[in-house]
Amino acid sequence: FKMQRASCLVNPRAGYETELNYTPTEAPLNLAVVGAGPAGLACATVAAERGHKVTLFDRSPSIGGQFNLAKQVPGKEEFYETLRYFTHKLASLPTVSLQLATEADASTLAGYDRVVLATGVVPRSLSLLGWDHPKVASYVDVLQRRGGGRGGGG
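The following refers to the structure shown. (Residues numbered from 1 in each chain as written. Predicted model: local features only at pLDDT ≥ 70, side-chain atom pairs only at ≥ 80, totals over all residues. Heavy atoms only, no water.)

## A closer look at the packing of aromatic side chains
Phase 1: What the rule picks out here adds up to 3 aromatic pairs.
Phase 2: Aromatic pair Phe57 and Tyr112: ring centres 6.1 Å apart, planes at 90°, arrangement edge-to-face. Of the two residues, Phe57 is situated in strand E2 (residues 53-58) and Tyr112 in the loop between helix H4 (106-109) and strand E4 (114-117); the sequence distance between them amounts to 55 residues.
Phase 3: Look at Phe57 and you get buried, because its relative accessible area is 4%.
Phase 4: Ring geometry for Tyr85 versus Phe86: centroids 5.2 Å apart, planes at 70°, classification edge-to-face.
Phase 5: Overall, Tyr85 belongs to the partly exposed group, its relative accessible area being 46%.
Phase 6: Residue Phe86 is classed as buried on the basis of its relative accessible area, which comes to 2%. (Phe/Tyr/Trp six-rings, centres within 6.5 Å; stacked < 30°, edge-to-face > 60°. Helix = DSSP H or I, 4+ residues; strand = E, 2+ residues; numbered from the N terminus. Buried < 20%, exposed > 50% of the residue type's maximum accessible area, 1.4 Å probe, protein only.)

Structure (structure tokens):
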């Protein structure tokens, strides 16, 4: 134990329940959230609960972003439950429009009051001797069961 405040990868209020309070907005906005990974999902659901109209975009056909890789790692199966939670949460919020398999570009986002970019990470590339060897695979390659030889982010 380091006597530090606990936090949560998915719930920004964890450990801050008395400090971070979401109150209803007095000026509802039409928001676009780009990226349906953990950050985009949290942003979209909290914004909708506060009274904003939200369109959540992701170019993938499913929500979750990198969680869809993480949930495949032995011992990380709890990420399935996180995605199940957000699936049900989104369905319960009538002011969220989910636009999956949709690339959000400047013309798509032009009519929104605000745009939140929650597009996630790009896996690091390796810069080690031998990174390009055919037997070297990135974690993305391994979890997506692709051939290796790229050494980095897939």
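More follows now that the structure is in view.
## Things to note about the environment of Leu109
Phase 1: For Leu109, the position within the fold is in helix H4.
Phase 2: A residue is classified by how much of its surface remains accessible, and Leu109, at 14% relative accessible area, is buried.
Phase 3: Here the alpha-carbon distance between Leu109 and Gln4, two residues 105 residues apart in the chain, equals 40 Å.
Phase 4: In this structure, Leu109 is in contact with Ala32, Val34, Phe57, Ala104 and Val115, ignoring residues within four places of it in sequence. (Contact = heavy atoms within 4.5 Å.)

## What about the layout of surface pockets?
Empty pockets left among the atoms are what a rolling probe the size of a water molecule brings to light.
Phase 1: Its boundaries defined by the atoms lining it, the largest pocket holds a volume of some 750 Å³.
Phase 2: At the level of elements, helix H1 (38-50), E2 and helix H2 (67-70) are the ones that each hand at least two residues to the lining of the largest pocket.
Phase 3: Looking at the lining of the largest pocket residue by residue, the classes come out as 12 nonpolar, 10 polar and 3 charged.
Phase 4: Each pocket or cavity is described by its volume, and for the second largest pocket that value is around 160 Å³.
Phase 5: Along its surface, the second largest pocket is lined by Val10, Asn11, Pro12, Tyr22, Ala42, Thr45, Val46, Glu49, Tyr85, Phe86 and Lys89.
Phase 6: For the lining of the second largest pocket, the secondary structure elements donating two or more residues are H1 and helix H3 (78-91). (1 Å grid on protein atoms, 1.4 Å probe; cavity = no way out; pocket = protein on both sides within 12 Å on 5 of 7 lines; lining within 4 Å. Points joined across faces, edges and corners; volume = space filled by probe spheres on them. Nonpolar A, V, L, I, M, F, W, Y, C, P; charged D, E, K, R; others polar.)

## Here's the deal with H1
Phase 1: For H1, spanning 13 residues, the distance from its first C-alpha to its last is 18 Å, which sits close to the expected 18 Å at 1.5 Å a residue.
Phase 2: Among the residues of H1, those classed as buried are Gly40, Leu41, Ala42, Ala44, Thr45, Val46, Ala47 and Ala48.
Phase 3: Of the surrounding elements, those touching the buried residues of H1 are strand E1 (30-34), E2, H3 and strand E3 (96-100).
Phase 4: Where H1 ends, the next residue or the one after it, Gly51, has phi of about 115°, a positive value. (Expected span 1.5 Å × (residues − 1).)

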